[in-house]
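A look at the structure
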Amino acid sequence: MKRIGLLAVIAGLGASAVVGAPSMGTPVKKVCGDGLTLRISSSTAAQGNLLTVEVSGAKGNQEIAAEWDGRSIPLWRETPASATLHSLLAVDLEKPPGKYEWKLSWAGPDGNPVVCSQAITVRAGKFSTERLSVENQYVQPDPEQQKRAEADQKKMRAIYDTVTPEVFWKGKFELPLKGVTKGSNFGRRRVLNGEARSPHTGVDFPAAAGTPVYAAQAGKVALAENLYYSGNTVVIDHGYGIYTLYAHLSEIDVHAGDAVEGAAVIGKVGATGRVTGPHLHWGLTIDHARVNALQIVQRRP
Ligand SMILES: [Zn+2]
């Protein structure tokens, strides 16, 4: 019943709602040797986009490592003995356009390392600029507020530095609100009270204060507390470096460390932190890259 409803919601996502829709580049299929084949959903991606990666032909317990632009990236199997490994290639919304390498490496039959790599072209995203007026304390925080914001940032960095080697999700990711299908503002460059600030890293959904907010997938609550800019905030660890964030809540209904099921109520829509009114801010961070959360409901990780 619930699943049917959510599928309808996903099907109802018009193209206009999908800010920074998946790139339409050419899918990559590369024969890597030792029986391994690398598939990437596209050879190009715009800033803030998500590509899927599949490596087939692996031996049951074969160890294969992946890197994206020099950074180690997790690969996972859906069942322990599966010959297929999966990964997500996430392009941060501020990654400078250019060519970057996605690289696989493993030990060959003689024990020497073997490498198979693919260049991925990152294109500039098309992000508009918005000018907003917010309470001045959120543009020019006093020293104490500044200290708090920095401590929040440190805490978030420690969370995103943690890769839990476990698949907590089951099937597709789903939207965090029921009946609200249009999210916007991802990647927008922002001018707040006349001053340039960092880009908008999430998707904003309009909703009345008190509307229930659902976990986009099963996972473990990594953070559930009030932060200076994002107000009452929940971060869920879905495993293998995939995190969703829910901000500006009026109420938080979970605790850090809780295991949550997909579509569990985690809080209510509110207007806490730096906002112009009640809405849900939904973020997706994968391997430290801030990407458009709407894209994960369109694909299976
Ligand atoms: Zn927002």
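Computed from a predicted structure; not experimentally measured.

Cut-offs applied
Residues numbered from 1 in each chain as written. Predicted model: local features only at pLDDT ≥ 70, side-chain atom pairs only at ≥ 80, totals over all residues. Heavy atoms only, no water. Donors = N, O, S within 2.8 Å, 3.2 Å for Na, K, Ca; no water. Helix = DSSP H or I, 4+ residues; strand = E, 2+ residues; numbered from the N terminus. Buried < 20%, exposed > 50% of the residue type's maximum accessible area, 1.4 Å probe, protein only. Pairing = 2+ DSSP bridges. Domains from an automatic or database assignment. Contact = heavy atoms within 4.5 Å. Buried area = accessible area lost by both parts, 1.4 Å probe. Salt bridge = Lys/Arg side-chain N within 4 Å of Asp/Glu carboxyl O. Phe/Tyr/Trp six-rings, centres within 6.5 Å; stacked < 30°, edge-to-face > 60°. Lys NZ or Arg CZ within 6 Å of the ring centre and 35° of its normal. Polar contact = N/O pair within 3.5 Å; in protein donor to acceptor, adjacent residues only side chain to side chain.

Right, let's talk about the coordination of the zinc ion for a bit. Every protein donor of the zinc ion is listed here as H200 (NE2), D204 (OD) and H281 (ND1), and their distances to the metal cover 2.1 Å. Sequence spacing of the donors to the zinc ion: H-x3-D-x76-H. Highlighted residues: D204 in strand β13 (residues 203-206) and H281 in strand β21 (residues 279-286), separated in sequence by 77 residues. H281 shares its class with D204; the two are buried.

Glancing now at the sheet that holds strand β18 (residues 251-252). On the basis of which strands lie adjacent, the open sheet formed by three strands has the order β14-β20-β18 and antiparallel pairing. Among the strands making up the open sheet, the edge pair consists of β14 (212-214) and β18. Bridge count between β18 and strand β20 (residues 265-268): two bridges; the pairing is antiparallel. Paired with I252 across the strands is G267, a residue of β20.

One can read the domain layout of the chain as domain 1 (27-123) and domain 2 (129-297). Placing the centre of domain 1 and that of domain 2 at their C-alpha centroids yields a distance of 28 Å. Taken together, the 15 residues of domain 1 in the interface contact 21 residues of domain 2. Summed over both partners, the interface of domain 1 with domain 2 comes to about 1500 Å²; 62% of that surface belongs to carbon and sulfur atoms. Our count for the contact surface shared by domain 1 and domain 2 stands at two salt bridges. Between R290 and E94 there is a salt bridge whose closest N-O contact spans 3.0 Å.

What follows concerns the packing of aromatic side chains. Each aromatic ring pair is described using two quantities: the centre-to-centre distance and the angle formed by the ring planes. On inspection of all chains with the given rule, the structure shows nine aromatic pairs. Centre to centre, the rings of Y138 and Y228 are 5.2 Å apart; their planes meet at 45°, and the pair counts as tilted. You can see Y138 sitting in the loop between β10 (129-132) and α2 (143-160) and its partner Y228 sitting in the loop between β15 (219-227) and β16 (231-239), a full 90 residues away along the chain. Here the two residues Y138 and Y228 agree in accessibility, since each one is buried. Put simply, the rings of W76, W169 and Y240 touch in pairs and so form one group of aromatic residues. Positioned above the aromatic ring of Y100, the side-chain terminus of K95 is 4.1 Å from the ring centre. Cation over ring: K178 sits above Y214, and NZ or CZ is 3.6 Å from the ring centre.

This paragraph deals with the side chain of D92. With respect to the element layout, D92 can be found in the loop between β7 (85-90) and β8 (98-107). By relative accessible area, D92 is classed as buried at 14%. For D92, the side chain forms a polar contact with the main-chain nitrogen of E94, separated by 2.9 Å. In this structure, D92 is in contact with Q47, G48, H288, A289 and R290, ignoring residues within four places of it in sequence.

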